[in-house]
Amino acid sequence: MHIIPHEETKPKRFTMRTTDIVIIGAGPIGIELAAAINQANLEYLHLEAGQIGSTMQWWAPGTKYFSSPERIAIAGVPLIVADQDKATRENYLDYLLAVVGTYQLDIETYTRVTKVEKQPDGFALTTTRSFHGVGGPEELGYTPTQTTETIKAKRIILAIGDMHTPRMLDIPGEDLPHVAHYLGEVHQYANQRVLIVGGKNSAVEAGIRLFRAGAHVTMSYRGNAFDPDRIKYWLYPEIEYLIKKNKIAFIPNSTVESINERAAKLNTGDSIPADFVLLLTGYEQDQSLFHQLGIKLVGEDRKPKLNLKTMETNIPNVYVAGTAVAGSQTRTKVFIETAHIHTDRIVAALQNRVSDATPEDYWLEES
Ligand SMILES: Cc1cc2nc3c(=O)[nH]c(=O)nc-3n(C[C@H](O)[C@H](O)[C@H](O)COP(=O)(O)OP(=O)(O)OC[C@H]3O[C@@H](n4cnc5c(N)ncnc54)[C@H](O)[C@@H]3O)c2cc1C
């Protein structure tokens, strides 16, 4: 297993390698694909901008999956959690390393694909050294480094995920140091006045965790109430209870207009004193590789248009897998458990077979 390329295996700068398949992204679905492609003895390279599972790296420590362990287990390797509860991000990052080790997968980490060009005989990919994955707080200050290498490939699989940049509110004060789009370490908020903006799972979960960590929490949401259909069933009664008992202040039908060092001004006229402001209003996909390749993007979420039997895009020999298929999801429908099926379809297509995915699998993905 070479998770981080060693000097002797690292490609020399400005050399040109060629391969049949390049997988971009080593999140759970990229790894699941690599394991299957490896087992099928196909020639491939696997590139990841950060560390393995880098999307999970920016979650707040101790964050638990909402999916049961068996649903997010990949490549047939059991995910066993000590207390049979949901896995934490820490459990899962360890687990991903174990899967990579089990299959002896070569993943070229800290290698970001910055450009993909269609050529008559395949594709040319430009890579740079990158110090974190695509997504997370560090991504906001990302500046590309020098080109490292150009790789030529006949086929490409984009398993790049969908949570690359936060949905910005574009309001004065959004860039202040006490304003964040990521929860981070919960301990920092103890005894602090924290304004949380948002009304979906990440905002609600942050509200509950921060209250328990000793913060004084106010929540601002543009809707008039949290929607029980969009909040996890174990979080909803908890947040309702905390609001009803005035443990958490809730300001419905409100949006933030500006933030200064001491307070946030809402459209309701309220000025909310805040030591920290968390803008947890969702994430957007970096679609630059789709644009460079000429992949058609459709619908409100701008998802890549795909042949669902093969996961191939309108550009022949370019496939998309995992949450990357969903564009910038406004309502989450594609996650790990609904994306396992992509591996089967893509590996079959790479071998000129048709996946025998059942109709139920299709339903699961599109429901
Ligand atoms: C708090 C929270 C809780 C969640 N809980 C669950 C849950 O319980 N169940 C669930 O299924 N999902 C959950 N999710 C969503 C989960 O993160 C995704 O389902 C999962 O990570 C998707 O896997 P993926 O492999 O498709 O993409 P990702 O894990 O996002 O992996 C994509 C990878 O591609 C890399 N990449 C992107 N662009 C490039 C490039 N140009 N060059 C090189 N590498 C690149 C990225 O660095 C990243 O490592 C949760 C998300 C959050 C934020």
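This write-up is about the structure you can find in this document. In this text the structure is predicted, and so the values were computed from the model without any measurement. Once a new chain begins, its residue numbering starts again from 1 and follows that chain's sequence as written. Only residues with pLDDT of at least 70 are given local features in this predicted model, and only at 80 or more are side-chain atom pairs given and counted; all residues enter the totals for whole chains, interfaces and linings. Excluded from the side-chain calculations are hydrogens and water; all other atoms, namely the structure's heavy atoms, are used.

Let's shift gears to the site of the ligand. In this text, near means that some heavy atom of the residue lies within 4 Å of the molecule or strand in question. The environment of the ligand is made up of 31 residues, and the closest members are Glu48, Thr55, Phe66, Ser67 and Ile336. As used in this structure description, the phrase polar contact means that two N or O atoms lie within 3.5 Å; if the pair is within protein, one of them must be able to donate a hydrogen and the other to accept it, and residues adjacent in sequence are counted only when both atoms belong to side chains. Between the ligand and valine 134, the relevant distance is 2.9 Å, taken from an oxygen atom to a main-chain nitrogen or oxygen of the residue. Between the ligand and the protein, one listed contact pairs an oxygen atom with a backbone N or O atom of isoleucine 336 at 2.7 Å. Note on areas: Shrake-Rupley with a 1.4 Å probe; residue coverage comes only from the protein chains shown. Contact with the protein chains removes 92% of the 980 Å² of surface that the ligand exposes when unbound. Within the shell around the ligand, the residues separate by chemical class into 17 nonpolar, twelve polar and two charged. Under the convention adopted here, Pro, Cys and the residues Ala, Val, Leu, Ile, Met, Phe, Trp and Tyr are nonpolar, Asp, Glu, Lys and Arg are charged, and Gly plus all remaining residues are polar.

For the rest of this paragraph, the subject is helix H8 (residues 336–350). Residue pairs spaced three or four apart in an α-helix point in one direction, given the helix's 3.6 residues per turn. Each helix corresponds to a stretch of at least 4 residues labelled H or I by DSSP, and each strand to a stretch of at least 2 residues labelled E; elements are numbered beginning at the N terminus. Here the expected span of a helix is defined as 1.5 Å times the quantity of residues minus one. Over its 15 residues, H8 extends 21 Å from the first C-alpha to the last, a length consistent with the 21 Å expected when each residue adds 1.5 Å. Exposure classes here rest on a 1.4 Å probe applied to the protein chains alone. A residue is buried below 20% of its type maximum, exposed above 50%, and partly exposed in between. Judged by how many residues are buried, H8 sits mostly within the fold: 13 of 15 residues are covered. Positive backbone phi, at 55 degrees, marks asparagine 352, one or two positions downstream of H8.

What follows concerns the sheet that holds strand E8 (residues 193–197). Strand pairing in a sheet takes place through backbone hydrogen bonds and is either antiparallel or parallel in direction. A strand pair is defined by DSSP finding two or more bridges across the two strands. Ordered in space as E7-E14-E8-E9-E10, the five strands form an open sheet in which the pairing is parallel. Either end of the sheet is taken by a strand with one partner, and the two such strands are strand E7 (179–180) and strand E10 (249–251). Relative to strand E14 (residues 276–279), E7 runs parallel, the two being bridged by two bridges. Across the sheet, the residue bridging to valine 179 is valine 277, located in E14.

Time to look at the pairing of strand E12 (residues 263–266). Direction of pairing for strand E11 (residues 256–259) relative to E12: antiparallel, over a ladder of three bridges. Each bridged residue has a counterpart across the sheet, and for serine 258 the counterpart in E12 is lysine 265. Connecting the antiparallel pair E11 and E12 is a turn made up of three residues. Strand direction decides the pairing type here: E12 and strand E13 (residues 271–273), joined by three bridges, are antiparallel. Bridge pairing links lysine 265 to serine 271 in E13. Counted between consecutive antiparallel strands, the loop separating E12 from E13 contains four residues, among which glycine 269 sits at a positive phi close to 95 degrees.

This part takes up the pairing of strand E2 (residues 44–47). Residues Tyr44 and His46 point to one face of E2 and Leu45 and Leu47 to the other, with burial holding for every one of them. Think of it like this: strands point away, you trace from the first strand over the helix to the second, and a clockwise trace means the crossover is right-handed. Once the chain exits strand E1 (residues 16–24) it traverses helix H1 (residues 28–39) before rejoining the sheet at E2, and the crossover so formed is right-handed.

Interaxial angle, 0 to 180 degrees, is taken between N-to-C directions of lines fitted to C-alpha atoms, where a helix line uses only the stretch in contact. Where helix H5 (residues 201–212) contacts helix H6 (residues 236–244), the axes come no closer than 10 Å and their chain directions differ by 55 degrees. Judged on the interaxial angle alone, H6 and H5 are oblique. Considering the relative orientation of H5 and H6, their crossing is left-handed. Mapping the contact onto sequence places Val204, Ile208, Phe211 and Arg212 in H5 and Glu238, Ile239 and Leu242 in H6. Here the residues of the contact of H5 with H6 sort into five nonpolar, no polar and two charged. Roughly parallel covers angles under 35 degrees, roughly antiparallel covers those over 145, roughly perpendicular covers 65 to 115, and oblique covers all other angles. The crossing is said to be left-handed when, going from far helix to near helix, the turn is anticlockwise and less than a right angle, and right-handed when the turn is clockwise. By the convention used here, residues are in contact when the closest approach between their heavy atoms is within 4.5 Å.

Attention now moves to the sheet that holds E12. Spatially, E11-E12-E13 is the arrangement adopted by the three strands of the open sheet, whose pairing is antiparallel. Since the sheet does not close on itself, it has two edges, and those belong to E11 and E13, each with one partner. For this sheet the average axis-to-axis angle between neighbouring strands, irrespective of direction, equals 25 degrees.

Once that is clear, we can look at the pattern of salt bridges. Criterion for a salt bridge: a side-chain nitrogen of Lys or Arg within 4 Å of a carboxyl oxygen of Asp or Glu. Tallied over the full model, the rule gives twelve salt bridges. A salt bridge links lysine 152 to aspartate 121, with the shortest nitrogen-to-oxygen separation between them at 3.2 Å. Pair noted here: lysine 152 is in strand E5 (residues 147–158) and aspartate 121 is in the loop between strand E3 (111–119) and strand E4 (122–129), with a separation of 31 residues, a long-range link. Through salt bridges with shared partners, one network takes in Arg17, Glu108 and Glu149.

Time to look at the environment of proline 61. Locating proline 61 in the fold gives a position in the loop between helix H2 (54–57) and helix H3 (69–72). For proline 61, a relative accessible area of 33% gives the class partly exposed. Through-space distance from the C-alpha of proline 61 to that of valine 186 is 7.8 Å; in sequence the pair is 125 residues apart.

This brings us to a nonpolar patch on the surface. A patch is a set of surface residues, each over 30% in relative accessible area and not in a salt bridge, joined within 9 Å for like charges and within 5 Å for the nonpolar side chains Val, Leu, Ile, Met, Phe, Trp and Tyr. Together, Phe66, Tyr233 and Trp234 make up a nonpolar patch on the protein surface, roughly 360 Å² of accessible area in all. Under the relative-accessibility criterion, tryptophan 234 is labelled partly exposed at 34%.

Just so you know, the count uses Lys and Arg for positive and Asp and Glu for negative, and it drops His and the chain ends. Positions of charges follow a simple convention, taking NZ of Lys, CZ of Arg, CG of Asp or CD of Glu. Together, Lys200, Arg222, Lys303, Arg331 and Lys333 line one region of the surface with positive charge. Its place among the elements puts arginine 222 in the loop between strand E9 (216–220) and H6.

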